[in-house]
Each structure stands twice: as C-alpha cells, then as structure tokens.
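# Overview (structure and organization)
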Amino acid sequence: MTTTRRDFLTAAVTAAGAAVTPDLARVQEHDHDHDHQAVPSDPALRVKALESLLVEKGLVDRSALDALIDTYEHKVGPRNGARVVARAWTDPAYKQRLLTNSDAAIAELGYGGLQGEHMVVVENTPKIHNLVVCTLCSCYPWPVLGLPPVWYKSAPYRSRAVIDPRGVLREFGLELGDDVEVRVWDSTAELRYLVLPERPAGTEKMSEEELAALVTRDSMVGVGKVTTETEKVRA
C-alpha cells in the first residue's frame, strides 16, 4: 500500500500519543482499525493543517518530508528487527554475539543510531517469556522496530505491563502456562530492549528470508509469539 506524506505524519502524531484512549482494549482497537476510518481523525486534520501552514511559511521542505517518509517506509521498521531475529535463529555464532553485545551484532546488519543506542536483546525460551515496556514515557528501538504503536505509548499498557503482565498478555491473545516465568524489562532513554522470540517448530527447512517474514513487531516487544500459517489455522 502506498503511504502518502499525510498518512505518515498522521501515524507519527498518533504514535506520539496525540490520541490516548482510556483503556488498553480501546487503544489496541484504535491501533488496528484507524486505517479504515471513512472520515479523517482529529489528529489527521490537525496534521494536514499544520503541514499546510509550515509549507506555506517556508519552514518545511516537501522534498525533505518525502525523504523522511521514504526512510521510515523502506529503511526503518519491524522488518529490520525481523532480519536480526532470523539471523540469530539460523546462525548460532551470531545469536551469541547478539545476546552478549547487542549493539555490535545489530550493527553488523547495518542498523543502529539514534533511538537505537545501548540495545539489550533478551531471549524467550519455553520457560521464560520476556515483555518490554517503558513505564516513564515510550522509549523504543526505532532503528529495528520503527515507530512505536499507539498501545505501547498508552498509560494503561505502561502501568499494567508491570502490575499485571499476564493479564496484559492475555488481552493480546497470548496465554502462558503457570510454569512460564514472565520477565518485564523497562526501557529507558539510555537502554532499550528487543525480545528474541522462540523459533516456531517446523521451520527447520525455511530460509533466513522466509523466517524473517514470520517475525512480527509484537513478538519482538513480547506481547506475541511467532507462529507459522499452520499454527494460525490450528488456533
């Protein structure tokens, strides 16, 4: 789907918390359904007015906006983190480097920089599930995950992920057994976390590219798991 300048700016404003709903369920619903609105939302209209004003006054260059959009559309986003995960699944030596020196290992694939400094990768196992939150604001590893989703910035998620992580995971459709330990990691401006999800069974013959296509943003934040199409059908 082609992303317009206004679509991108609207998403950025929304992701920055311009519209925070009062409970997590509504935040998730807004995050998933906002593209289907027939009428532009208030943030979209505000963005449109602000963009027109800034361009008219010569404070914003449209070509610069296009370059920014291109960066986030083609160079920055969850696909980057998915490549990191897929490489770790297929290369044990790389996985070890990723878990011991995350910044350097991620940089091997060309990712890093602003909002991606001082990364720590935590690994999910059959007995340990990791969940990432930023209780203070919305610190997030942009170079590997792109812009943070609305729910990640919402007050309900930021507070409840610490108080009731299993309840939050349940709302995302992830039910964990009592024998699985849930570890919550609080990101800060100085330290950001990325979850290395478990590799799903039955993917031994998949290529690195095919594996990367399975990895989702939610699985790298910890609110979901990576599944194959077969597992989705069974569910």
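Structure report, in brief. If you're wondering where the values come from, they're calculated on a predicted model, not measured in any experiment. (Residues numbered from 1 in each chain as written. Predicted model: local features only at pLDDT ≥ 70, side-chain atom pairs only at ≥ 80, totals over all residues. Heavy atoms only, no water.)

Time to look at the overall build of the chain. Along the backbone of the chain there are 14 helices and 4 strands. When the 235 residues of the chain are sorted by exposure, 41% land in the buried category. Carbon together with sulfur atoms contributes 55% to the accessible area of the chain, which is approximately 12600 Å² in total. (Helix = DSSP H or I, 4+ residues; strand = E, 2+ residues; numbered from the N terminus. Buried < 20%, exposed > 50% of the residue type's maximum accessible area, 1.4 Å probe, protein only. Areas by Shrake-Rupley, 256 points an atom, 1.4 Å probe, with all protein chains shown as cover.)

For the coordinates displayed, the defined rule picks out 7 aromatic pairs. Aromatic side chains Trp151 and Tyr157 sit 5.0 Å apart centroid to centroid with 70° between the ring planes, which places their arrangement in the edge-to-face category. Ring centres of Trp185 and Tyr193 lie 5.2 Å apart, and the angle between their planes is 40°; this geometry places the pair in the tilted category. Through pairs of rings, three or more aromatic residues link up here, namely Tyr140, Trp151, Tyr152, Tyr157 and Phe172. Cation over ring: Arg87 sits above Tyr94, and NZ or CZ is 5.9 Å from the ring centre. (Phe/Tyr/Trp six-rings, centres within 6.5 Å; stacked < 30°, edge-to-face > 60°. Lys NZ or Arg CZ within 6 Å of the ring centre and 35° of its normal.)

Turning next to the pattern of salt bridges. Tallied over the entire structure, the rule returns 10 salt bridges. Between Lys95 and Glu123 there is a salt bridge whose closest N-O contact spans 2.6 Å. Of the two residues, Lys95 sits in helix 6 (residues 92-100) while Glu123 sits in strand 1 (residues 119-123), which places them 28 residues apart along the sequence. Note on Lys95: relative accessible area 26%, which makes it partly exposed. You can call Glu123 partly exposed: its relative accessible area is 29%. (Salt bridge = Lys/Arg side-chain N within 4 Å of Asp/Glu carboxyl O.)

Take the nonpolar core next. Of all hydrophobic cores here, the largest spans 46 residues; its most connected members are Leu98, Ile106, Tyr152, Tyr157 and Val221. Contact partners of Val221, with chain neighbours within four places excluded, come to Asn130, Leu131, Val132, Tyr140, Leu145, Trp151, Tyr152, Tyr157 and Val195. (Core = buried A, V, L, I, M, F, W, Y, C linked by side-chain atoms within 4.5 Å. Contact = heavy atoms within 4.5 Å.)

Another point: helix 10 (residues 155-163). Here helix 10 has its buried residues at Pro156, Tyr157 and Ala161. The buried residues of helix 10 occupy one face: seen down the axis, they fall within an arc of 110°. (Arc of directions from axis to C-beta.)

We now examine the state of the cysteines. Counted under the stated rule, the structure contains 0 disulfides. Free of any disulfide, Cys134 has its nearest neighbouring cysteine sulfur in Cys139, separated by 3.8 Å. With a relative accessible area of 0%, Cys134 lands in the buried category. Cysteine Cys137 is unpaired, with the sulfur of Cys139 as its nearest cysteine sulfur at 3.7 Å. (Disulfide = S-S within 2.5 Å.)

Buried residues dominate strand 2 (residues 128-133), accounting for 6 of its 6 residues. When strand 2 meets strand 3 (residues 181-186), the two strands line up parallel, connected through 6 bridges. From the neighbouring strand, Val132 faces strand 3, where its bridge partner is Trp185. (Pairing = 2+ DSSP bridges.)

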